[in-house]
Amino acid sequence: MRIVVLTGAGVSAESGVPTFRDADGLWEGHDPMTVATPEAFDHDPTLVQRFYDERRTALTRVQPNAAHQALARLEAELGDDLCLVTQNVDDLHERGGSQRVHHMHGRLRAAWCTACDARHDWEATLVDRPPCPACGSAQLRPDVVWFGEVPYDMEAIEEALWACDLFVSIGTSGVVYPAAAFVHYAIGNGRQTLELNLDESDTSSDFHQSRRGPATELVPAWVDEVLR
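Right, let's walk through the structure included here. Please read all numbers here as calculations on a predicted model, not as lab measurements. (Residues numbered from 1 in each chain as written. Predicted model: local features only at pLDDT ≥ 70, side-chain atom pairs only at ≥ 80, totals over all residues. Heavy atoms only, no water.)

Some points on the environment of Ala 221
The residue Ala 221 is located in helix H9 (residues 215-227) in this model. With a relative accessible area of 38%, Ala 221 lands in the partly exposed category. Measuring from C-alpha to C-alpha, the distance between Ala 221 and Pro 133 comes to 44 Å, with 88 residues separating the pair along the chain. (Helix = DSSP H or I, 4+ residues; strand = E, 2+ residues; numbered from the N terminus. Buried < 20%, exposed > 50% of the residue type's maximum accessible area, 1.4 Å probe, protein only.)

Some words on the packing of aromatic side chains
Tallying each qualifying case throughout the model produces seven aromatic pairs. Summarising the aromatic geometry, the rings of Tyr 52 and Trp 146 are spaced 6.1 Å apart at their centres and angled 45 degrees between planes, so their arrangement reads as tilted. One end of the pair, Tyr 52, is in helix H4 (residues 45-58); the other, Trp 146, is in the loop between strand S6 (140-144) and helix H7 (154-163), with 94 residues separating them in the sequence. Taken together, Trp 162, Phe 167, Phe 182, Tyr 185 and Phe 207 form an aromatic cluster joined through their ring pairs. Cation over ring: Arg 119 sits above Trp 112, and NZ or CZ is 4.6 Å from the ring centre. One Lys or Arg, Arg 141, reaches over the ring of Trp 146 and ends 3.7 Å from the middle of that ring. (Phe/Tyr/Trp six-rings, centres within 6.5 Å; stacked < 30°, edge-to-face > 60°. Lys NZ or Arg CZ within 6 Å of the ring centre and 35° of its normal.)

What to know about unusual backbone geometry
In this structure, the amide linkage connecting Tyr 177 to the following residue, Pro 178, adopts the cis form with an omega of 10 degrees. With phi around 55 degrees, Arg 129 is a residue other than glycine that occupies positive phi space. In this fold, Arg 129 is placed in the loop between strand S5 (119-121) and S6.

Printed below as a string of structure tokens:
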């Protein structure tokens, strides 16, 4: 069985990672348009760098949970027949044991040099404008996909969606595109679809089956079903 799994903020929320938006529409206390667009970075790079530096540091205080670990167990059994895609910019899938993760929105623990186009694993701060390890330019930015930018690995993700037998969405809101359209890719190709979510999402009615509950309960139980 070939499976594509998409994970969103609901998976990491149970590890203590704040979700993308609070109930009032703010992103961890900020208007998303002030910290998550290329224009915001051009207008106030210090604010944007400080925001992502704080989020990067916060990753040291959280740990992968049972949902991350269950998906790593599924990968160990299915190998290349599992395509794991995440909208999350944290590294909890990797720390939970997954080896092949498509970070379609980039990674907090990575920096991108806009001068030479090199990408680097990154643990330190960026607000102090450190030099790029490749070219020495002080033009590093967080290697995350902002509003208005094209998500990463889309060609490989779309190929996996067309080839899969089952598409599973876990902990997503169903409002951020293109990820919100993945269920339609799968259904359009006659594939089965499953949603595992704490609450109803904007696309819940599009899935063949939806299950409600915490990811730390639903995901291990579903993985056990698949492996049986």
